[in-house]
Number of protein chains: 2
Amino acid sequence: MEKRAVVILSGGLDSTTCMGIAAAEGYALYALTFDYGQRHRIEIEAAKRVAEHYRAREHRIARLDFLRAIGGSALTDPSIPVPTHGLSDEIPVTYVPARNLLFLALAAAYAEVKEAEAIFIGVNALDYSGYPDCRPAFIEAMQEAIRRGTKAGVEGRPIAIHTPLLHMSKAEIIRTGIKLGVPYHLTTSCYQGGDVACGVCDSCRLRIKGFQEAGARDPIPYAVPIAWPDSAR
Amino acid sequence: MEKRAVVILSGGLDSTTCMGIAAAEGYALYALTFDYGQRHRIEIEAAKRVAEHYRAREHRIARLDFLRAIGGSALTDPSIPVPTHGLSDEIPVTYVPARNLLFLALAAAYAEVKEAEAIFIGVNALDYSGYPDCRPAFIEAMQEAIRRGTKAGVEGRPIAIHTPLLHMSKAEIIRTGIKLGVPYHLTTSCYQGGDVACGVCDSCRLRIKGFQEAGARDPIPYAVPIAWPDSAR
């Protein structure tokens, strides 16, 4: 029987690499993008281009206006400024309350209806150590909740959460993606959500550093000059 | 400090009893109702009346159009008929994929933003044994996922899931509610969603049987004659 996977696709670098990995593993792809009032709405456009690139069987965009309505995050609440001063060890203001809990719950519902056996999510424990819902311990607990809380799980066909990027550095993710021909030129990561990436928000900083460490040049344009490695094409 | 609780409020009998219990325990109430394209939209109107009755601090109605869009349940997909032939041990077609997984994830996000320490959900393991996401084992796993996946949990103030009805029979729930003065006349339970309860769908059958066993009369009208206990007022 055909292998099916729901891929949580934000249109950013990590989730697009996940699409590339799921595609390389031979899954029929059901892409799932969340529209939760995030500032970087151009991510949704990027997600559409990526889903099309990979010929996804379906691409669903789930509106989660509730997350914007309750506020509590710099990514959904315009009254909280997005930080541009660099990374720290604290839980960032860009943390969206219970986001991955919610994303995985929605992905499980979708997987159950489509009889998909896998959910791919591009969480990363190293770069985003400040987010509690990116840690392996959370993913394990969520896997168990999905196993016990779904018809598929109870009937012995549990939906497996795949987190291929969990322990990779950003540079390793990018190297993996380049090998698989992941279309990074279609992606966007900037928290500011402008047409051109700002180059200074947490998310841009991580992405640029990743390409630099991978010895590669990011194919997207930035609003500020970036020192790309001499060897990068 | 003030105790705050998010109460998942459908406008049905069980969730309204949960409101009564949370109110009696002295919580400031944040009611949360889900609009997921269910057929019984009059439930949402009932939820509004119940939230008002209990002077909830807030009442949020979260639209989950995604659940309707993906289909897969008689409650959200008009092409699947609602059964009226009585109860069985199988997972019913009225099962909404991963519903409580999703409801609890959204409640956790809301609780985190409101700094609530409790989530009340009216799941019941006895009457709804066919639903995997109403079982104690699922609730335990979800509690752990919420503890590990939220800022509150990581910082040592885990959000506790309260399931006061988990092991009660319908009759026990109703007796508890009557003692607490729960306004059952404001509630609705019918899967058919008409102005008057049908009296024959699974949900009506459970409710009627519960009032009968509690020796009470349901204050809402039914479309078919019901044999109420002689002693009931």
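Residues numbered from 1 in each chain as written. Chains lettered and ligands numbered in written order. Predicted model: local features only at pLDDT ≥ 70, side-chain atom pairs only at ≥ 80, totals over all residues.

K.L.:
Looking at this structure, how should I read the packing of helix H4 (residues 99–114) of chain A against helix H4 (residues 99–114) of chain B?
P.N.:
How two helices sit against one another is set out by the angle between their axes and by the gap between those axes. Close contact between H4 of chain A and H4 of chain B brings their axes to 9 Å; oriented N to C, the two are set at 165 degrees. One element, H4 of chain A, and the other, H4 of chain B, form an angle in the roughly antiparallel class. As H4 of chain A runs across H4 of chain B, the sense of the crossing is left-handed. On H4 of chain B, the residues touching Leu101, Leu102, Ala105, Leu106, Ala108 and Ala109 of chain A of H4 of chain A are Leu101, Leu102, Ala105, Leu106, Ala108 and Ala109 of chain B. (Axes fitted to C-alpha atoms, helices over the stretch in contact; angles between N-to-C directions. Helix = DSSP H or I, 4+ residues; strand = E, 2+ residues; numbered from the N terminus. Parallel < 35°, antiparallel > 145°, perpendicular 65-115°, else oblique. Left-handed = near helix turned anticlockwise from the far one by under 90°. Contact = placed C-beta atoms within 7 Å.)

K.L.:
Could you clarify how one ought to interpret the sheet that holds strand S3 (residues 58–63) of chain B in this entry?
P.N.:
Strand pairing in a sheet takes place through backbone hydrogen bonds and is either antiparallel or parallel in direction. Residue and element names in this part refer to chain B. Sheet architecture is open: five strands sit in the order S3-S2-S1-S4-S5, paired in parallel fashion. Each edge of the sheet is formed by a strand with only one pairing partner; in this case those strands are S3 and strand S5 (160–162). With strand direction ignored, the average angle separating the axes of adjacent strands in the sheet is 25 degrees. Where strand S1 (residues 4–8) lies against strand S4 (residues 118–120), three bridges are found, and the strand directions are parallel. (Pairing = 2+ DSSP bridges.)

K.L.:
Would you mind showing me how to read the sheet that holds strand S5 (residues 160–162) of chain A here?
P.N.:
All names here are of chain A. One open sheet holds the five strands; their spatial order is S3-S2-S1-S4-S5, and the pairing between them is parallel. Unpaired on one side and paired on the other, strand S3 (58–63) and S5 mark the two borders of the sheet. The mean angle between the axes of side-by-side strands here comes to 25 degrees, regardless of whether they run parallel or antiparallel. Inspection of the sheet shows strand S4 (residues 118–120) paired to S5 by three bridges, in the parallel sense.

K.L.:
Hey, could you run me through the relation of the copies chain B and chain A in this one?
P.N.:
Comparison of the two chain copies shows a relationship of rotation about an axis with a shift along it. Taken as rigid bodies, chain B and chain A are interconverted by a rotation of 180 degrees and an axial shift of 0.0 Å, the fit giving an RMSD of 0.0 Å. Here the transformation between the copies is reduced to the relation of a two-fold axis. The residues that chain B uses at the interface reappear at the interface of chain A in 100% of cases, marking a shared surface. (Least-squares fit on C-alpha atoms with pLDDT ≥ 70 in both.)

K.L.:
Quick question: what am I supposed to make of the UniProt feature "binding site: Zn(2+)" (unreviewed entry) in chain A here?
P.N.:
Residues and elements named next belong to chain A. Here, UniProt's "binding site: Zn(2+)" (unreviewed entry) annotation points to Cys190, Cys198, Cys201 and Cys204. Along the chain, cysteine 198 turns up in the loop between helix H7 (170–179) and helix H8 (202–213). Look past the residues within four positions of cysteine 198 in its chain and what remains in contact with it is Cys190, Gln192, Cys204 and Ala223. Looking at where cysteine 204 falls in the secondary structure, it is placed in helix H8. In contact with cysteine 204, not counting residues within four places along its chain, are Ser189, Cys190, Ala197, Cys198 and Gly199. (UniProt positions renumbered as here; feature names shortened; annotations may be inferred.)

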